[in-house]
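The primary structure of each chain is shown beneath.
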Amino acid sequence: AQLCLAVACLEVGQDQRALEDLKSLQSLCERRGETLPELQSWLRIARHWAVQPNRKNHYAALGVRIDASAPEVNQAYRKTL
């Protein structure tokens, strides 16, 4: 649930909050000895976006979710042409 919340924060442009939530989830997983394979990729994205405050959200411009697959992004892009 915390991962979904962090992804939702990224989608609406709350990159810093998403980064904090993801770091919190990472430390929780480490304490429990659990792993979430997708957590590292979301952390990388959140770190990258958090240092770019004026970035344009291309996913929102295409009307797709941030976790859309490559074919979904391609299809949305083709519809805009």
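Caption draft 1: Looking closely at the overall build of the protein. When its secondary structure is counted, the protein shows five helices and zero strands. Once the C-alpha set of the protein is aligned to its principal axes, its extents read approximately 50 × 25 × 20 Å. Per-residue burial for the protein yields a buried fraction of 30% across its 81 residues. Looking at the protein alone, contacts between residues at least 24 apart form 42% of all its contacts between residues at least 6 apart. When the accessible surface of the protein is totalled, it reaches about 5700 Å², and 52% of it is carbon and sulfur. In the protein, which carries 11 positive and 9 negative side-chain charges, the distance between the mean positions of the two groups comes to 5 Å.

Caption draft 2: Representation of the nonpolar core in the model. Judged by nonpolar contacts, the single largest core of 16 residues is most densely connected at Leu3, Leu10, Leu22, Leu39, Trp42 and Ile66. The set of elements that each furnish at least two residues to this core consists of α1 (2–11), α2 (15–32) and α3 (39–50). Apart from residues lying up to four places away in sequence, Leu39 is in contact with Leu3, Leu22, Leu25 and Gln26.

Caption draft 3: Here's a closer look at the side chain of Asp15. Here Asp15 is to be found in helix α2. Aside from chain neighbours lying at most four places away, what touches Asp15 is Cys9, Leu10, Trp49, Ala50 and Arg55.

Caption draft 4: Quick peek at the packing of α2 against α3. Axis separation between α2 and α3 bottoms out at 9 Å; the angle between their running directions is 150°. Judged by the inter-axis angle, α2 sits roughly antiparallel to α3. For the element pair α2 and α3, the recorded crossing hand is left-handed. Here α2 contributes Asp15, Gln16, Leu19, Leu22, Lys23, Leu25 and Gln26 to the contact with α3, which in turn contributes Leu39, Gln40, Trp42, Leu43, Ala46, Arg47, Trp49 and Ala50. Grouping the amino acids of the contact of α2 with α3 by side-chain chemistry returns nine nonpolar, three polar and three charged.

Caption draft 5: Representation of the environment of Arg55 in the model. By the secondary structure assignment, Arg55 is in the loop between α3 and α4 (58–62). Taking the C-alpha atoms as reference points, Arg55 and Gly13, separated by 42 residues in sequence, lie 9.3 Å from one another. Apart from residues no more than four positions distant in its own chain, Arg55 is found in contact with Leu10, Asp15 and Trp49.

Cut-off values and rules
Residues numbered from 1 in each chain as written. Predicted model: local features only at pLDDT ≥ 70, side-chain atom pairs only at ≥ 80, totals over all residues. Heavy atoms only, no water. Helix = DSSP H or I, 4+ residues; strand = E, 2+ residues; numbered from the N terminus. Buried < 20%, exposed > 50% of the residue type's maximum accessible area, 1.4 Å probe, protein only. Contact = heavy atoms within 4.5 Å. Areas by Shrake-Rupley, 256 points an atom, 1.4 Å probe, with all protein chains shown as cover. Lys, Arg positive; Asp, Glu negative; His and termini not counted. Charge placed at Lys NZ, Arg CZ, Asp CG, Glu CD. Core = buried A, V, L, I, M, F, W, Y, C linked by side-chain atoms within 4.5 Å. Axes fitted to C-alpha atoms, helices over the stretch in contact; angles between N-to-C directions. Parallel < 35°, antiparallel > 145°, perpendicular 65-115°, else oblique. Left-handed = near helix turned anticlockwise from the far one by under 90°. Nonpolar A, V, L, I, M, F, W, Y, C, P; charged D, E, K, R; others polar.

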